[in-house]
Amino acid sequence: MEVVPDGTTFNAQASTPGWNCADGVPAGTVCTYDLYVSPSGVLQIINFGLTVDTFVTSGERTTNAVALEDDGLDRNRANNTNEMEVLIVMPVRQLFPIMRW
């Protein structure tokens, strides 16, 4: 689960196919992506593409947060959320990989 951060809109073309959000949905929209089960040690990269709104200037910061939910088999749910502050640097497109394993 991703929430579109303040000062941005979801960019479907810059994202990994499979997100449930329509292109251009605004900040605050919850977007989900169904991960598949991969063998141990296999890396999955899922991009969550954003377009920075025109009123945001280079040097501002926004917060990106992500959460994972599972089918109940996860033994360590304490590591299923993450949040990071992101510095906005022009050009206006930012990509946020949300999970790597």
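This section reports on the structure supplied with the text.

Criteria and thresholds
- Residues numbered from 1 in each chain as written.
- Predicted model: local features only at pLDDT ≥ 70, side-chain atom pairs only at ≥ 80, totals over all residues.
- Heavy atoms only, no water.
- Helix = DSSP H or I, 4+ residues; strand = E, 2+ residues; numbered from the N terminus.
- Buried < 20%, exposed > 50% of the residue type's maximum accessible area, 1.4 Å probe, protein only.
- Contact = heavy atoms within 4.5 Å.
- Core = buried A, V, L, I, M, F, W, Y, C linked by side-chain atoms within 4.5 Å.
- Phe/Tyr/Trp six-rings, centres within 6.5 Å; stacked < 30°, edge-to-face > 60°.
- Disulfide = S-S within 2.5 Å.

Details of the overall build of the protein
In terms of helices and strands, the protein carries zero helices and seven strands. Ordered by position in the sequence, the α and β elements of the protein form the string β-β-β-β-β-β-β. When the 101 residues of the protein are sorted by exposure, 35% land in the buried category. Taking the contacts inside the protein whose residues are at least 6 apart along the sequence as the reference set, 64% of them involve residues at least 24 apart.

Details of the nonpolar core
Core analysis: the biggest nonpolar cluster contains nine residues, these being Val4, Phe10, Trp19, Cys21, Val25, Cys31, Ile46, Phe48 and Leu50. With sequence-adjacent residues up to four places away left out, cysteine 31 is seen in contact with Met1, Glu2, Val4, Trp19, Asn20, Cys21, Val25 and Phe48.

Some words on the environment of proline 26
Looking at the element boundaries, proline 26 is found in the loop between strand 2 (8-10) and strand 3 (30-31). Sequence separation between proline 26 and aspartate 6 is 20 residues; the distance between their C-alpha atoms is 8.3 Å. When near neighbours in sequence (up to four residues on either side) are disregarded, proline 26 contacts Val4, Thr8 and Thr9.

Examining the packing of aromatic side chains
Summed over the entire model, instances satisfying the criterion amount to three aromatic pairs. Every member of this aromatic cluster is reached through a ring pair, and the members are Phe10, Trp19, Tyr33 and Phe48.

Details of the state of the cysteines
Applying the stated criterion across every chain, the model contains one disulfide. The disulfide partner of cysteine 21 is cysteine 31, and the S-S distance across this bridge is 2.0 Å. Between cysteine 21 and cysteine 31 the sulfur-sulfur dihedral comes to about -110°; the bridge is accordingly left-handed. Of the two residues, cysteine 21 sits in the loop between strand 2 and strand 3 while cysteine 31 sits in strand 3, which places them 10 residues apart along the sequence. Neither cysteine 21 nor cysteine 31 differs from the other in exposure class; each is buried.

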